[in-house]
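Working through the structure, step by step
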Amino acid sequence: MRVLVAEDDHVSRLMLQATLKKWGHDPVVTCDGQEALSILEQDSSPELAILDWMMPAIDGLEVCRRIRQKSTSMPVYIILLTAKTQREDLIAGLGAGADDYITKPFNHQELYARLQVGFRVADLQRKLADRVKDLEIALTRLGRLQQAQKLEALGQMASGVAHEINTPIQYVGDNIRFLQDSWAELRPFLEPQPGKPDLDYLIREVPKAIAESNHGIQRVGTIVRAMRDFAHPPGINKVHSDINHAILTTITVATSRIKGVDVETSLDPQLPKTLCFPGEIQQVLLNLIINAAQAIGENPEKGVIRIATSTYRNCIEIHVSDNGPGIAYEHQEKIFQPFFTTKEVGKGSGQGLAIAYSVVVQQHNGRIWFDSESGKGTTFHIRLPIDGIGSAESEYLEGVNL
Amino acid sequence: MSDPKILIVDDDQWILSCFERMLGRCFNLETALGPLQALKTVATDGPYAVVLSDMRMPVMNGLDMLAKMKEISPSTVGLILTGYAGDEMARSIKSGVLFKLIEKPCPLDQLKVILEEALAKYEEKEGLNAG
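Read on for an overview of the structure. (Residues numbered from 1 in each chain as written. Chains lettered and ligands numbered in written order. Predicted model: local features only at pLDDT ≥ 70, side-chain atom pairs only at ≥ 80, totals over all residues. Heavy atoms only, no water.)

Here we come to the overall build of chain A. A count of helical and extended segments in chain A gives nine helices and twelve strands. When each of the 402 residues of chain A is scored for burial, the buried share is 40%. In chain A, the proportion of contacts linking residues at least 24 apart, taken out of those at least 6 apart, comes to 67%. When the accessible surface of chain A is totalled, it reaches about 22,400 Å², and 55% of it is carbon and sulfur. (Helix = DSSP H or I, 4+ residues; strand = E, 2+ residues; numbered from the N terminus. Buried < 20%, exposed > 50% of the residue type's maximum accessible area, 1.4 Å probe, protein only. Contact = heavy atoms within 4.5 Å. Areas by Shrake-Rupley, 256 points an atom, 1.4 Å probe, with all protein chains shown as cover.)

Structure (structure tokens):
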């Protein structure tokens, strides 16, 4: 077991070093508090530390205090080495964050016994940390699974609904068309007649009523088509997809959830078809659009979401911008973590961006990142390799915030 | 000789009456409410040049019904009008049971063109059989 020894007294330090070696440990030795601190701040630092209380510059007590201020998954077990034997001193030492203390000159058997206690605690802590890590991974998987099941159920429902609604759309649409054609045939036989103002009114209004009904049924058709496209279950193989079309479909689906926020698009008409899972990409876009609308939040009438596409070398890029308040600096490095959310309990699962990351990076060898400026807004960028295989990694140099 | 006959099959009366109204002036058109009635009609009044059917119907789906009709009159050209096109139907086009798959809602002009194509296909088959 690696044990840190920080002791400015030469003799005492050598003795501790020799004793620990004799007992089969691997002592890491230093003579000042500053170095002890920097060793303890490293990854895979020793799990147990013996710190002398009295050291120049930073003393053992101060090392304790500083190390306890930092939260690490694996806290170090600290034994304070001290000549101070007053009760107040011991209380101060434990209060500063030491786990145990041993008084100088130390007794070998006592040191051995106290080290055993320390190793036992350190061992338990390590096991606990491992379990916590396992649990976090399991929770993440569970969250994704639930999300996937939810989406699947939603997809089945959407295609069922689309199927059912398409039948009435067919005959309502055809009947409107029939009325339109019939009206055109009948119209020459209708002349305004004096004393019959109603006929005049009908001649004027009937074509409008037909045209408006036609417009309405076309709109229903568009919504249903978008819903069905969106819910189309992801295939086993990636398909060459028109990303611009996917964006327009997603905007139609999102409309009801971003009430009042304008969506502007600037889509590159030359955008090449991209080999991808279109359903998954649409899910990512939907998450980004809804997040953007929620970022705009309070003043939807002033909010604008801009979506643009472009080509970059062997990749295509999608940019989703909002003019909300921007992402708080302290949240920026956490936003792609599962379960991270700034929304109220029940409002957001904290899965949206984690899924976006997993879809873009893991499924498509792509990249997702963002620029955010306080008070001006946030832009998310997605880069996908056109051939679906080549990595966007090497193309990814600037503006990266991951 | 009158125009070759087209049979439209759907379990939705609204669709049938709408198609009769819309297409009845241009085509020699009959309708059947559901697959059982359709099979009976084919048996008594057949053969039909073209059968245009809904996919999801009670008792029997449109594809199974078309396959049965093909046993009676192999030249009949089958069309399916569906609200949701699945893989099964794509395979049926390859197998020859289905001439074309049409997704609802289908604009009327497009439907007319497809019916004309189906009729031409029927004439072609009949021509081959006669020859």
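What follows is about the packing of aromatic side chains. Here the structure, examined in full by the defined rule, presents six aromatic pairs over all chains. With centroids separated by 6.2 Å and ring planes inclined at 20 degrees, the aromatic side chains of A:Tyr171 and B:Trp14 adopt a geometry described as stacked. A residue pair is termed interchain when its members come from two chains, as with A:Tyr171 in helix 5 (residues 108-186) and B:Trp14 in helix 1 (residues 13-23). Ring plane angle 50 degrees and centroid distance 5.6 Å describe the contact between A:Phe336 and A:Tyr357, whose orientation is recorded as tilted. On the criterion of sequence distance, the pair formed by A:Phe336 in the loop between strand 10 (315-322) and helix 9 (352-363) and A:Tyr357 in helix 9 is long-range, its members being 21 residues apart. Take A:Phe336: its relative accessible area is 11%, and that puts it in the buried class. (Phe/Tyr/Trp six-rings, centres within 6.5 Å; stacked < 30°, edge-to-face > 60°.)

The subject of this paragraph is a nonpolar patch on the surface. Residue and element names in this part refer to chain A. A surface patch of nonpolar side chains, about 400 Å² in accessible area, is lined by Leu154, Met157, Val161, Ile165 and Val220. For the nonpolar patch, the element with the most residues is helix 5, which contributes four residues. One can find Leu154 in helix 5. For Leu154, a relative accessible area of 49% puts it in the partly exposed group. (Patch = residues over 30% accessible without salt bridge, like charges linked within 9 Å, V, L, I, M, F, W, Y side chains within 5 Å. Salt bridge = Lys/Arg side-chain N within 4 Å of Asp/Glu carboxyl O.)

Okay, the pattern of salt bridges next. All names here are of chain A. Scanning the model with the defined rule gives 20 salt bridges over all chains in all. Between Arg126 and Glu47 there is a salt bridge, and its shortest N-O distance comes to 2.8 Å. Of this pair, Arg126 sits in helix 5 while Glu47 sits in the loop between helix 2 (33-41) and strand 3 (48-52), and the two are 79 residues apart along the sequence. According to the relative accessible area criterion, Arg126 is partly exposed, its value standing at 29%. A residue is classified by how much of its surface remains accessible, and Glu47, at 16% relative accessible area, is buried. As a salt-bridge pair, Glu373 and Lys376 come within 3.9 Å of each other at their nearest N and O atoms. The exposure class of Glu373 is partly exposed, given its relative accessible area of 45%. Given a relative accessible area of 57%, Lys376 falls into the exposed group. The network of salt bridges with common partners includes Glu47, Asp123, Arg126 and Lys127.

What follows is about helix 3 (residues 62-72) of chain B. Residues and elements named next belong to chain B. Among all positions of helix 3, only Gly62, Leu63, Met65, Leu66, Met69 and Lys70 are buried. Axial view of helix 3: buried residues confined to an arc of 155 degrees, hence all on one face. The outward face of helix 3, more than 90 degrees from its buried face, is lined by the exposed residues Glu71 and Ile72. Between a side-chain oxygen at the N-terminus of helix 3 and the backbone nitrogen of Leu63 the separation is 3.0 Å; the capping residue is Asn61. (Arc of directions from axis to C-beta. Polar contact = N/O pair within 3.5 Å; in protein donor to acceptor, adjacent residues only side chain to side chain.)

Opposite the 19 residues of chain B that make contact, chain A presents 16 residues. Interface area, chain B with chain A, both sides summed: about 1,800 Å², of which 55% is carbon and sulfur. Put simply, chain B and chain A have two salt bridges between them. Ionic pairing is found between A:Arg177 and B:Asp109, a salt bridge with its closest N-O pair at 3.3 Å. Our count for the contact surface shared by chain B and chain A stands at six residue pairs in polar contact (both at pLDDT 80 or more). In terms of residue count, helix 1 of chain B provides more of the side of chain B that touches chain A than any other element does, six residues in total. In the side of chain B that touches chain A, the residues fall into ten nonpolar, two polar and seven charged. (Buried area = accessible area lost by both parts, 1.4 Å probe. Nonpolar A, V, L, I, M, F, W, Y, C, P; charged D, E, K, R; others polar.)

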